[in-house]
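Below are the chains, spelled out letter by letter.
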Amino acid sequence: MTFLDSPLNVACCVSLVSFLFKYYCSFLSTYVKVPQAVTKGNKEAIWWNIFVSFTHSAISSGILIYSCLEDADFTVDMANHHSEASLIAAIFSFGYFIHDSLHILITHPIKDNVGILFHHAIMLTSLGKVLHNRKYINIICIALFCEISSVFLHVRQLIKMMKTLNETLLFLIVCIANVLAYMAVRFSVIIYLYDWFFHNYQEMEKNYRRFYFVMLSLMTIVNMFYFVIIVQKDFLNRFCSSRKTKD
């Protein structure tokens, strides 16, 4: 029996991760300076929220890639099999999403963050269920591979908030890389999860079958919604403004 076999130990680890993110965020906002444009716009809280999200995406991506590479049976019996690295990845992200949800509710206007809170609710519900029942942990890790795309997304957001590079070739390259990563990673994950479901739903318990399909459908809707917003903001609006300038 390992340390993480105990539900109490898992709960303690989730709480520890959540508190560590909280104090990490507090440390950054207290001791680290933000770009001048962020200070002028009075957006320090948003900057650090994005930076902490970037930290989570980078670390969780590393854990997820390691868990996939070190476990030769990662995609075998995904309902019941998981490695300790997969379990750690799920615990780490569960703790982060608890922290970020509470942080947004306390420090940001709810009406401006309905989309991200809805996304977090999907992840918290899914992670909570699989960690509680110790089933489909590798499936949730597949879903968490979207965090690889989030690394590019958060870099784009941080550069955009700095404002000094928004009209440069560098920012355009970052925007293109972000869209390509979004399509390559997030849509591939969604397609894989649907494919796995339609090949395995008959072996799933009825309550898991319904839960899986509802959560995956919501995940698809959220990712399509944000993809449209990103393309509109980074390319359509840029194209329209350049056309107006020429005219």
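Look a little higher up for the structure.
Keep in mind it's a predicted model, so treat the numbers as computed, not measured.

**Q** So what exactly am I meant to see when it comes to the overall build of the protein chain here?
**A** For the protein chain, the helix and strand inventory stands at 9 helices and 0 strands. Walking the protein chain from its N terminus toward its C terminus, one meets helices and strands in the order α-α-α-α-α-α-α-α-α. Expected size for 247 residues packed as a compact globule is a radius of gyration near 18 Å; at 19 Å, the protein chain falls within 12% of this value. With respect to the principal axes defined by its C-alpha atoms, the protein chain has extents near 65 × 40 × 35 Å. The buried share among the 247 residues of the protein chain stands at 45%.

**Q** I would appreciate a short explanation of the packing of aromatic side chains in the present structure.
**A** Geometrically, a pair of aromatic rings is defined through the distance of the ring centres and the angle of the planes. Inspection of the entire model under this criterion finds 19 aromatic pairs. Relative to Tyr31, the ring of Phe27 lies with its centre 5.2 Å away and its plane at 40°, an arrangement referred to as tilted. In this pair, Phe27 and Tyr31 both sit in helix 1 (residues 7-31), 4 residues apart, roughly one turn of the helix. Phe27 gets classed as partly exposed once you look at its relative accessible area, which sits at 45%. Judged by relative accessible area, which is 64%, Tyr31 ranks as exposed. Both rings, one in Tyr194 and one in Phe198, keep their centres 6.4 Å apart while their planes meet at 15°; by these two values the pair is stacked.

**Q** What exactly am I supposed to notice about unusual backbone geometry here?
**A** Peptide bonds are mostly trans, and most non-glycine residues show a negative phi. Here Asn42, not a glycine, exhibits a phi torsion of approximately 55°, which is positive. Here Asn42 shows up in the loop between helix 2 (36-40) and helix 3 (44-70). Accessibility expressed as a relative area gives 64% for Asn42, which makes it exposed. Positive phi values are uncommon outside glycine, yet Arg134 reaches one of about 55°. Position of Arg134 relative to the elements: it lies in the loop between helix 5 (114-133) and helix 6 (137-144).

**Q** Hey, could you run me through the packing of helix 7 (residues 146-162) against helix 8 (residues 169-200) in this one?
**A** If you want to describe how two helices pack, look at the angle between their axes and the distance between the axes. Between helix 7 and helix 8, whose axes approach to 8 Å, the crossing angle comes to 155°. It follows from the interaxial angle that helix 7 and helix 8 lie roughly antiparallel. In this structure, helix 7 crosses over helix 8, and the sense of that crossing is left-handed. Two secondary-structure elements touch here, helix 7 through Cys146, Ile148, Ser149, Ser150, Phe152, Leu153, Val155, Arg156, Ile159 and Lys160 and helix 8 through Phe171, Val174, Cys175, Ala177, Asn178, Ala181, Tyr182, Val185, Arg186 and Val189. Taken together, the residues of the contact of helix 7 with helix 8 sort by class into 14 nonpolar, 3 polar and 3 charged.

**Q** It is not clear to me how helix 7 should be interpreted in this structure. Could you clarify?
**A** Structural remark: α-helix, 3.6 residues per turn; residues separated by three or four positions point the same way. An ideal rise of 1.5 Å per residue puts 24 Å on 17 residues; helix 7 measures up with 25 Å between its terminal C-alpha atoms. All of the buried residues in helix 7 are Cys146, Glu147, Ser149, Ser150, Leu153, His154, Arg156, Leu158, Ile159 and Met161. Just beyond helix 7, the residue with positive phi is Lys163, at close to 70°.

**Q** What's the story with the environment of Thr55 in this structure? I'm lost.
**A** By the element assignment, Thr55 lies in helix 3. Accessibility expressed as a relative area gives 15% for Thr55, which makes it buried. Through-space distance from the C-alpha of Thr55 to that of Tyr96 is 10 Å; in sequence the pair is 41 residues apart. Within the structure, Thr55 has its side chain in polar contact with the side chain of Tyr24 (distance 3.0 Å).

**Q** Help me out: how do you make sense of the pattern of salt bridges in this one?
**A** Pairing is possible between side chains that carry opposite charge, provided their charged atoms lie close to one another. Tallied over the entire structure, the rule returns 3 salt bridges. Between Lys135 and Glu205 there is a salt bridge, and its shortest N-O distance comes to 2.4 Å. With Lys135 in the loop between helix 5 and helix 6 and Glu205 in the loop between helix 8 and helix 9 (206-246), the pair connects residues that are 70 residues apart, well separated along the chain. A relative accessible area of 18% places Lys135 in the buried class. Note that Asp234 and Lys160 form a salt bridge whose closest N and O atoms lie 3.9 Å from each other. With Asp234 in helix 9 and Lys160 in helix 7, the pair connects residues that are 74 residues apart, well separated along the chain. Look at Asp234 and you get buried, because its relative accessible area is 2%. On the basis of relative accessible area, Lys160 is assigned to the partly exposed category, the value being 31%. A network of salt bridges, in which partner residues are shared, links Arg156, Lys160 and Asp234.

Reading the values: the criteria
- As a convention, each chain's residues are numbered from 1 in the sequence order in which they are written.
- Reporting of local features is limited, given that this is a predicted model, to residues whose pLDDT is at least 70; pairs of side-chain atoms are given and counted only at 80 or more, and all residues count toward the totals for whole chains, interfaces and linings.
- The basis for every side-chain value is the complete set of non-hydrogen atoms in the structure, without hydrogens or water.
- Secondary structure elements follow DSSP: runs of H or I of four or more residues count as helices, runs of E of two or more count as strands, with numbering from the N terminus.
- Radius of gyration means the value over C-alpha atoms here, while the globule rule gives 2.2 Å times the residue count to the 0.38 power.
- Buried means the residue's accessible area, taken with a 1.4 Å probe over protein chains only, is under 20% of the maximum for its type, while exposed means over 50%, and partly exposed covers the values in between.
- Planes of paired rings set the category: under 30 degrees apart is stacked, over 60 is edge-to-face and the rest tilted, where pairs are Phe, Tyr or Trp rings (Trp by its six-membered ring) whose centres lie within 6.5 Å.
- Axis angles are defined between N-to-C directions and span 0 to 180 degrees, where every axis is a line fitted to C-alpha atoms and, for a helix, only to the segment in contact.
- Reported orientations rely on four angle classes, namely roughly parallel under 35 degrees, roughly antiparallel over 145, roughly perpendicular from 65 to 115, and oblique for the rest.
- Crossing handedness is defined as follows: a turn of the near helix away from the far one that is anticlockwise and smaller than a right angle gives a left-handed crossing, while the clockwise case is right-handed.
- Here, two residues are considered to be in contact whenever any of their heavy atoms come within 4.5 Å of each other.
- All residues other than Ala, Val, Leu, Ile, Met, Phe, Trp, Tyr, Cys, Pro, Asp, Glu, Lys and Arg, Gly among them, are scored as polar; the first ten of these are nonpolar and the last four charged.
- Take the residue count of a helix, subtract one, and multiply by 1.5 Å to get its expected span.
- Two N or O atoms count as a polar contact when they lie within 3.5 Å, although within protein this holds only if one can serve as hydrogen donor and the other as acceptor, and sequence-adjacent residues are included solely when both atoms are side-chain atoms.
- In what follows, salt bridge is the name for a side-chain nitrogen of Lys or Arg lying within 4 Å of a carboxyl oxygen of Asp or Glu.

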